[in-house]
Amino acid sequence: MEPVARYITAPVTADFDDRMVFVGGPRQVGKTTFALACLGDGPEGRPAYLNWDVVKDRKALLKGELPSNQKCIVLDDIHKFGRWRNLVKGLYDANRSRVSFLITGSARLDYYSKSGDSLQGRYHYYRLHPFSPSELDAQPKPDVVAGLLRFGGFPEPFLKGDERFWRRWQQERLQRVIYDDIRELERVREISLLELLAEELTHRVGSPLSVRNLAEVMQVSFETADRWIQIFEHLYYCFRIPPYCSRRVCAVKKEQKLYLGDWSLVAEPGPRFENLVASLLLKYGHWLEDTEGFRMELRFLRDTDRREVDFVVLQDGQPRFAVECKSGETNVSSNLYYFMGRTPIDRFYQVHNGQADYLRDGVRVLPLTTFCRELQLP
């Protein structure tokens with residue numbers, strides 16, 4: 001199967017002449033493959049690719065030595081170095097007139113760059129997400145959505161499409177996230193408990209998340225449980241979304257919903273499909289933030305009588321559209337009509353994993369692939 005061209009390629013390469021480019025995202029989402037594709041295949045190999053985990057590369061970087069005659073330098077996983085911000089700033093300021101820099105890492109590089117010397121004004125930040133149906137239009141798979149639901153959107157397990165490989169890959173990835181990434185970036189004493197937390201989170205996707213209940217299950221304090229979830233968020237392992245409030249709706253205000261970065265870990269079909277849609281909408285928001293500079297928010301809508309619409313997408317504080325998820329073809333949810341007359345939301349969608357496509361009383365019902373295509377989700 002041919003390699004999949006990633007959706008951020010064009011804007012990233014266009015930004016090389018302006019500033020450094022940071023590309024963050026979950027472990028094994030394809031950042032290194034993407035970076036090497038940006039360098040191309042030269043006859044001399046790839047001397048412009050420097051990995052902090054490689055001893056000789058690390059020594060050269062600490063000495064301020066860069067490969068000669070290279071137009072673009074890739075620094076991979078350099079955020080593992082405690083003073084990486086100062087190091088990168090010095091390399092960039094000394095070489096910016098002749099070299100472009102691409103920095104990649106399996107963490108929120110914008111978060112881990114906040115302390116220490118500021119890099120403000122020296123970089124553009126992109127977040128690389130797993131595959132979406134739109135990215136896979138050219139792939140010779142009969143049912144892309146079924147493949148994504150079963151194997152997730154991470155390149156290696158999806159492209160292999162093998163159950164045994166997927167199970168082994170999941171175990172190895174979780175071990176590396178917890179015992180490599182978290183141990184190197186954070187101070188967590190009971191690190192073995194994070195494996196239990198990761199397992200527990202798979203059962204709480206799409207429902208109101210009670211951190212207090214989670215803390216009781218884990219037998220830790222509320223503050224510890226919340227901090228652990230934040231660490232997972234910083235590594236793109238999961239994400240939380242807050243509620244959307246409107247004047248004419250008695251909406252919940254404090255509840256949050258949680259989703260995983262890899263929806264294939266969710267056992268039940270309904271929550272798994274909802275997690276897939278949540279991830280695609282988050283990817284859509286990050287794309288518009290990273291390329292166009294809009295302020296995007298992903299929220300959900302629920303009132304005190306437990307009427308709910310799964311997602312509301314906001315742009316610069318204004319709601320653009322709402323989305324209800326159904327894993328199969330069902331009747332239009334009455335909650336959509338209820339909130340249609342009580343919120344300033346203009347467009348309501350009901351997205352499903354089927355074939356039906358129609359408009360009924362202002363609600364567009366359509367398959368997930370059509371939804372991605374019409375909204376130009378990356």
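On a predicted model such as this, the values are computed, not experimentally measured, just so you know.

### Observations concerning unusual backbone geometry
A positive phi is found at tyrosine 236, a non-glycine position, where the angle reads about 60 degrees. Note that tyrosine 236 resides in the loop between helix H10 (222-234) and strand S6 (238-241). For tyrosine 236, a relative accessible area of 14% gives the class buried.

### What to know about the nonpolar core
Formed by 66 residues in total, the largest nonpolar core has its most connected members in Phe232, Leu281, Phe311, Val323, Leu368 and Phe371. In contact with leucine 281, other than residues within four places in its own chain, are Leu298, Phe311, Val313, Phe321, Val323, Phe371 and Leu377. Met20, Phe81, Leu91 and Tyr92 belong to the second-largest nonpolar core, a separate cluster that totals 24 residues.

### Quick word on the state of the cysteines
In the structure shown here, the tally under the stated rule is 0 disulfides. The thiol sulfur of cysteine 72 is not disulfide-bonded, and the nearest other cysteine sulfur, from cysteine 38, lies at 6.9 Å. The thiol sulfur of cysteine 238 is not disulfide-bonded, and the nearest other cysteine sulfur, from cysteine 325, lies at 18 Å.

### Overview of the sheet that holds strand S1 (residues 20-24)
Strand order in this open sheet of 5 strands is S2-S3-S4-S1-S5, and the pairing throughout is parallel. Either end of the sheet is taken by a strand with one partner, and the two such strands are strand S2 (49-51) and strand S5 (123-127). Along the sheet, successive strands turn relative to each other by an average axial angle of 20 degrees, direction set aside. By the bridge criterion, 5 bridges tie strand S3 (residues 72-76) to strand S4 (residues 100-105) in an arrangement that is parallel. Within S4, the residue paired with isoleucine 73 across the bridge is phenylalanine 101. The sheet contacts of helix H2 (residues 31-39) involve S1, S2, S3 and S4, and relative to S4 the element is tilted by about 165 degrees.

### Some remarks on helix H4 (residues 84-95)
Helical geometry note: an α-helix holds 3.6 residues per turn, so side chains three or four residues apart project in the same direction. The end-to-end C-alpha distance of H4 is 16 Å, a good match for the 16 Å that 12 residues give at a rise of 1.5 Å each. Three or more residues of H4 are buried, namely Trp84, Arg85, Leu87, Val88, Lys89, Leu91, Tyr92 and Asn95. Next to the buried residues of H4 lie S1, helix H3 (55-62), S3 and S4.

### Focus: helix H11 (residues 269-292)
An ideal rise of 1.5 Å per residue puts 34 Å on 24 residues; H11 measures up with 34 Å between its terminal C-alpha atoms. In terms of burial, H11 is a largely internal element, 17 of the 24 residues being buried.

### Points about the sheet that holds strand S12 (residues 358-360)
Strand order across the open sheet formed by 6 strands is S8-S9-S10-S11-S13-S12, with mixed pairing between neighbours. The outermost strands of the open sheet, each flanked by one partner alone, are strand S8 (296-302) and S12. Looking at each pair of strands side by side, their axes are set apart by 25 degrees on average, direction ignored. Packing against the sheet, H11 makes contact with S8, strand S9 (308-315), strand S10 (318-326) and strand S11 (347-352), and its axis sits at approximately 155 degrees to S10.

Cut-offs used in this document
Residues numbered from 1 in each chain as written. Predicted model: local features only at pLDDT ≥ 70, side-chain atom pairs only at ≥ 80, totals over all residues. Heavy atoms only, no water. Helix = DSSP H or I, 4+ residues; strand = E, 2+ residues; numbered from the N terminus. Buried < 20%, exposed > 50% of the residue type's maximum accessible area, 1.4 Å probe, protein only. Core = buried A, V, L, I, M, F, W, Y, C linked by side-chain atoms within 4.5 Å. Contact = heavy atoms within 4.5 Å. Disulfide = S-S within 2.5 Å. Pairing = 2+ DSSP bridges. Axes fitted to C-alpha atoms, helices over the stretch in contact; angles between N-to-C directions. Expected span 1.5 Å × (residues − 1).

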